[in-house]
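Spelled out from the first residue to the last, the chains are:
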Amino acid sequence: ATPEIYTLSLHDALPIYCSNLTSGPTTLPATTLQNSCYYEMFSSCSNLASCPSLPATTLAQSCYEDMFSYCSNLLSGPNLPATTLAQNCYKRMFVSCSNMTTMGTISATTLAANCCANMFQYCSSLKTAPALLATTLADNCYESMFEACRSLTSLPASLPATTLAPNCYKNMFSSCTSLTTVSATFLPATTLSESCYYHMFKSCTKLTTTPNLPATTIAPNCYYEMFSRCTDLVTVPTALPATNLTGATYCYSGMFLECTKLETAPNLPATTLSNNCYYAMFKGCSKLKSVTCLATGISESNYLNYTDKWLNGVASTGTFTKASGVDWPRNDNGIPVNWTVNVQ
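Residues numbered from 1 in each chain as written. Predicted model: local features only at pLDDT ≥ 70, side-chain atom pairs only at ≥ 80, totals over all residues. Heavy atoms only, no water.

1. A few points about the overall build of the protein
Reasoning step 1: Scanning the protein from N- to C-terminus turns up one helix and three strands.
Reasoning step 2: Ordered by position from N to C terminus, the α and β elements of the protein give β-α-β-β.
Reasoning step 3: With the C-alpha coordinates of the protein rotated into their principal frame, the extents come out at 75 × 30 × 30 Å.
Reasoning step 4: The burial tally for the protein puts 53% of its 344 residues in the buried class.
Reasoning step 5: Restricting the contact set of the protein to residue pairs at least 6 apart, pairs at least 24 apart contribute 81%.
Reasoning step 6: Entry remark: accessible area of the protein is about 13,000 Å², with carbon and sulfur atoms responsible for 46%.
Reasoning step 7: Averaging the locations of the 15 positively and 17 negatively charged side chains of the protein gives two centres separated by 11 Å. (Helix = DSSP H or I, 4+ residues; strand = E, 2+ residues; numbered from the N terminus. Buried < 20%, exposed > 50% of the residue type's maximum accessible area, 1.4 Å probe, protein only. Contact = heavy atoms within 4.5 Å. Areas by Shrake-Rupley, 256 points an atom, 1.4 Å probe, with all protein chains shown as cover. Lys, Arg positive; Asp, Glu negative; His and termini not counted. Charge placed at Lys NZ, Arg CZ, Asp CG, Glu CD.)

2. With respect to the pattern of salt bridges
Reasoning step 1: Across all of its chains, the model carries seven salt bridges by this definition.
Reasoning step 2: Across the pair Arg 229 and Glu 258 runs a salt bridge whose closest N-O atoms are separated by 3.2 Å. You can see Arg 229 sitting in the segment before β1 (290-293) and its partner Glu 258 sitting in the segment before β1, a full 29 residues away along the chain.
Reasoning step 3: The class for Arg 229 is partly exposed, based on a relative accessible area of 30%.
Reasoning step 4: Classification of Glu 258 as partly exposed rests on a relative accessible area of 33%.
Reasoning step 5: Of the charged contacts in the structure, one is a salt bridge between Lys 289 and Glu 263, with a shortest N-O distance of 3.6 Å. Note that Lys 289 is positioned in the segment before β1 and Glu 263 in the segment before β1, a separation of 26 residues in sequence.
Reasoning step 6: Looking at Glu 263, the relative accessible area reads 35%, which means it is partly exposed. (Salt bridge = Lys/Arg side-chain N within 4 Å of Asp/Glu carboxyl O.)

3. Let's talk about the packing of aromatic side chains
Reasoning step 1: By the definition in use, this model includes 25 aromatic pairs.
Reasoning step 2: Positioned over the ring face of Tyr 198 is Lys 170, at 4.8 Å from the centre of the ring. (Phe/Tyr/Trp six-rings, centres within 6.5 Å; stacked < 30°, edge-to-face > 60°. Lys NZ or Arg CZ within 6 Å of the ring centre and 35° of its normal.)

4. Looking at the environment of Glu 194
Reasoning step 1: Relative to the elements of secondary structure, Glu 194 occurs in the segment before β1.
Reasoning step 2: Looking at Glu 194, the relative accessible area reads 42%, which means it is partly exposed.
Reasoning step 3: Filtering out sequence-adjacent residues up to four positions away, Glu 194 remains in contact with Ala 165, Pro 166, Asn 167, Ala 219, Pro 220 and Asn 221.

5. With respect to the nonpolar core
Reasoning step 1: By size, the foremost hydrophobic cluster in this structure holds 116 residues, and its most contacted members are Phe 68, Phe 94, Phe 120, Phe 146, Tyr 169 and Phe 201.
Reasoning step 2: The contact partners of Phe 146, leaving out residues within four places of it in the chain, are Phe 120, Leu 126, Ala 129, Pro 130, Leu 132, Leu 152, Met 172, Phe 173, Ser 174 and Cys 176. (Core = buried A, V, L, I, M, F, W, Y, C linked by side-chain atoms within 4.5 Å.)

6. Overview of the state of the cysteines
Reasoning step 1: Summed over the entire model, instances satisfying the criterion amount to zero disulfides.
Reasoning step 2: Between Cys 89, a cysteine without a disulfide, and Cys 63, which holds the nearest cysteine sulfur, the sulfur-to-sulfur distance is 5.2 Å.
Reasoning step 3: Cys 168 provides the cysteine sulfur closest to Cys 196, a residue in no disulfide bond, and the two sulfurs are 5.3 Å apart.
Reasoning step 4: With a relative accessible area of 0%, Cys 196 lands in the buried category. (Disulfide = S-S within 2.5 Å.)

7. Description of unusual backbone geometry
Residues apart from glycine generally show negative phi values, whereas peptide bonds are mostly found in trans.
Reasoning step 1: Although it is not a glycine, Tyr 70 adopts a positive phi angle of roughly 65°.
Reasoning step 2: If you trace the backbone, Tyr 70 turns up in the segment before β1.
Reasoning step 3: Relative accessible area serves as the criterion here: at 37%, Tyr 70 is assigned to the partly exposed category.

8. A look at the side chain of Glu 225
Reasoning step 1: Relative to the helices and strands, Glu 225 resides in the segment before β1.
Reasoning step 2: Among the polar contacts listed, one links the side chain of Glu 225 to the side chain of Ser 228, at a separation of 3.2 Å.
Reasoning step 3: Not counting residues up to four positions away in its chain, the partners in contact with Glu 225 are His 199, Lys 202, Ser 253, Gly 254, Met 255 and Leu 257. (Polar contact = N/O pair within 3.5 Å; in protein donor to acceptor, adjacent residues only side chain to side chain.)

9. Considerations on the side chain of Asn 140
Reasoning step 1: Within the secondary structure layout, Asn 140 lies in the segment before β1.
Reasoning step 2: Judged by its relative accessible area of 17%, Asn 140 falls in the buried class.
Reasoning step 3: A polar side-chain atom of Asn 140 sits 2.6 Å from a polar atom in the side chain of Glu 143.
Reasoning step 4: In contact with Asn 140, not counting residues within four places along its chain, are Asn 114, Ala 117, Pro 166, Asn 167 and Cys 168.

10. Topic: the sheet that holds β1
Two orientations exist for strands paired in a sheet by backbone hydrogen bonds: parallel and antiparallel.
Reasoning step 1: Taken together, the three strands give an open sheet; going across it, the order is β1-β2-β3, and neighbouring strands pair in parallel fashion. For this open sheet the edge positions go to β1 and β3 (340-343), each flanked by a neighbour on one side alone. Neighbour-to-neighbour, the strand axes of the sheet open up by a mean angle of 20°, direction not taken into account. (Pairing = 2+ DSSP bridges. Axes fitted to C-alpha atoms, helices over the stretch in contact; angles between N-to-C directions.)

11. Brief notes about the environment of Ala 189
Reasoning step 1: Locating Ala 189 in the fold gives a position in the segment before β1.
Reasoning step 2: For the pair Ala 189 and Leu 268, spaced 79 residues apart in the sequence, the C-alpha separation amounts to 18 Å.
Reasoning step 3: If we ignore the near neighbours within four places in the chain, the residues touching Ala 189 are Ala 161, Thr 162, Leu 164, Tyr 197, Pro 214 and Ala 215.

Here's what the structure looks like:
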């Protein structure tokens, strides 16, 4: 029977690891939750086939954390109507629900730290990601949210926030190996934060095209290995428009590492660099044959501070366009030896 619980307290939940449970209550009617109130409530109930409705609009820290984790027979998720989230509230909520194919709506517009982290991680049958409406983000809010959802082919039209938070999209779609395209306007953010796109699409091996990346205010590690090992990637933004990378250490490090079908790099108009900003950026891009980099201040004594390993393993011949008066070294850490050099 549906329990008549309207005010919930810490760990007020059903026993976990009920592998023989096939159905639970049709609804959990509380609308105001307490810290950890449904934590691990149905975790590892491997035969549970459906979720109760969850009408709560006022959430609390960890209230739904791990609630349905490892429910491998669960086919779909409920609507989640809350618009303001709490720390860890949806963290790992459906992790490893390997037969889940659909998810209800997620209405949140204001997020909290780790609120959706690992929410659908390893949901290997999920094909369509729900719309994500949040414009106010928080640290690690979407970290690994869809990591290794290997059947995922459809993403939301956009992630509408224009100002990001540290680690907010870290690993969000990494290893989504069925994903082929992303909308050009998927990432409209103009102000980035530390590690915000870290590994976001890493090892999406069928991804052929990336969204535009319009940000001009960037941060340390912001694009760190964002598309690394996307081995089918052929179309990237025409330019990464930031012109001043001061303080943004490792900002583009490994961004296109081992993208083995990529032939033309985005234009790099930045004139002022930071330590390791281009470290291993195109390493292992074996077909890459066109790079435009307008950095100044490059010399034999300091170039490894910025471009160490950045063109290791690219095509043996190609074209490099540089700023006038800059004396680049000729090696795979600067300009490859057999490439033609143009001046802009």
